[in-house]
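A closer look at the structure
These are the residues of each chain, in order.
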Amino acid sequence: MSNIVDPLVRQIAARVRAERERRRWTLAQLAEASGVSQAMISRIEREESSPTAVVLGKLSAAFRLSVSSLLAPLEGGAATDEERVRRQADAAEWRDPGTGYRRRQITSPRFPAEIAEIRLPAGAQVPYPAAAFAFIRQVVWVLEGQLTFHEGDRVHELHPGDTIELGEPAPRTFANDTDTECRYVVVLARHQQP
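Residues numbered from 1 in each chain as written. Predicted model: local features only at pLDDT ≥ 70, side-chain atom pairs only at ≥ 80, totals over all residues. Heavy atoms only, no water.

Here we come to the packing of helix α2 (residues 27-34) against helix α3 (residues 38-45). Where α2 meets α3, the closest approach of the two axes is 9 Å, and the angle between their N-to-C directions is 115°. Taken together, the axes of α2 and α3 lie roughly perpendicular to each other. The two elements α2 and α3 meet at a crossing, and its hand is right-handed. From α2, Leu27, Ala28, Leu30, Ala31 and Ser34 reach across to α3, where they touch Gln38, Ile41, Ser42 and Glu45. Across the contact of α2 with α3, the residue classes break down as five nonpolar, three polar and one charged. (Axes fitted to C-alpha atoms, helices over the stretch in contact; angles between N-to-C directions. Helix = DSSP H or I, 4+ residues; strand = E, 2+ residues; numbered from the N terminus. Parallel < 35°, antiparallel > 145°, perpendicular 65-115°, else oblique. Left-handed = near helix turned anticlockwise from the far one by under 90°. Contact = heavy atoms within 4.5 Å. Nonpolar A, V, L, I, M, F, W, Y, C, P; charged D, E, K, R; others polar.)

Have a look at this one:
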């Protein structure tokens, strides 16, 4: 095993630890609230494991934060001119070790809406619990490929150019049932405070 830690793994570890400590939760309390084992949370916080998209979804639901928030750096403050321009070549991309799902944040944590570009590999699916969608509103916009979107008991087949505005929280699964990658954008805004 390499001693080099991916900067995004370090960032996620710091964010999960900070959010847990901010709430004064023990590992056991976060495990209970999220459904993620204490051992996994401990490995994430120690930068020994990169969480899957499913685990991030469960942790974000417990914290009442978006997945994007867990991927964002802790520091805030006003952006410099150089920080406001984000080059694609310099953009950090998080990769789900379980599915190969890739996520690139388009906006910074300072921007009022969160925008992320997602690349979902052929045959992959990523389920999220209903709680991951509490206090937020989202639009999913398919750019390339086909997305099979499960929203509770409803299934939506989305093609390039199609969008779906998500309603009340429900268990949701993003699935690519084809043999080619699907690329889509998620636009998220808070509509209530936790």
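Moving on, we come to the confidence of the model for the chain. Overall, the predicted model of the chain reaches an average pLDDT of 85, with 88% of residues at or above 70. Strand β7 (residues 154-158) holds the highest mean pLDDT among the elements of the chain, 97, whereas helix α6 (residues 81-84) holds the lowest, 63. Every residue in residues 1-5 is under pLDDT 50, and counting partners more than four places away or in other chains gives three contacts. (pLDDT = per-residue confidence, 0-100.)

The next subject is the side chain of Glu151. Considering the arrangement of structural elements, one finds Glu151 in strand β6 (residues 147-151). You can call Glu151 buried: its relative accessible area is 15%. Within polar-contact distance, the side chain of Glu151 engages the side chain of His156 at 3.3 Å. Discounting chain neighbours no more than four positions away, the residues touching Glu151 are His156, Ile164, Leu166, Gly167, Pro171 and Arg172. (Buried < 20%, exposed > 50% of the residue type's maximum accessible area, 1.4 Å probe, protein only. Polar contact = N/O pair within 3.5 Å; in protein donor to acceptor, adjacent residues only side chain to side chain.)

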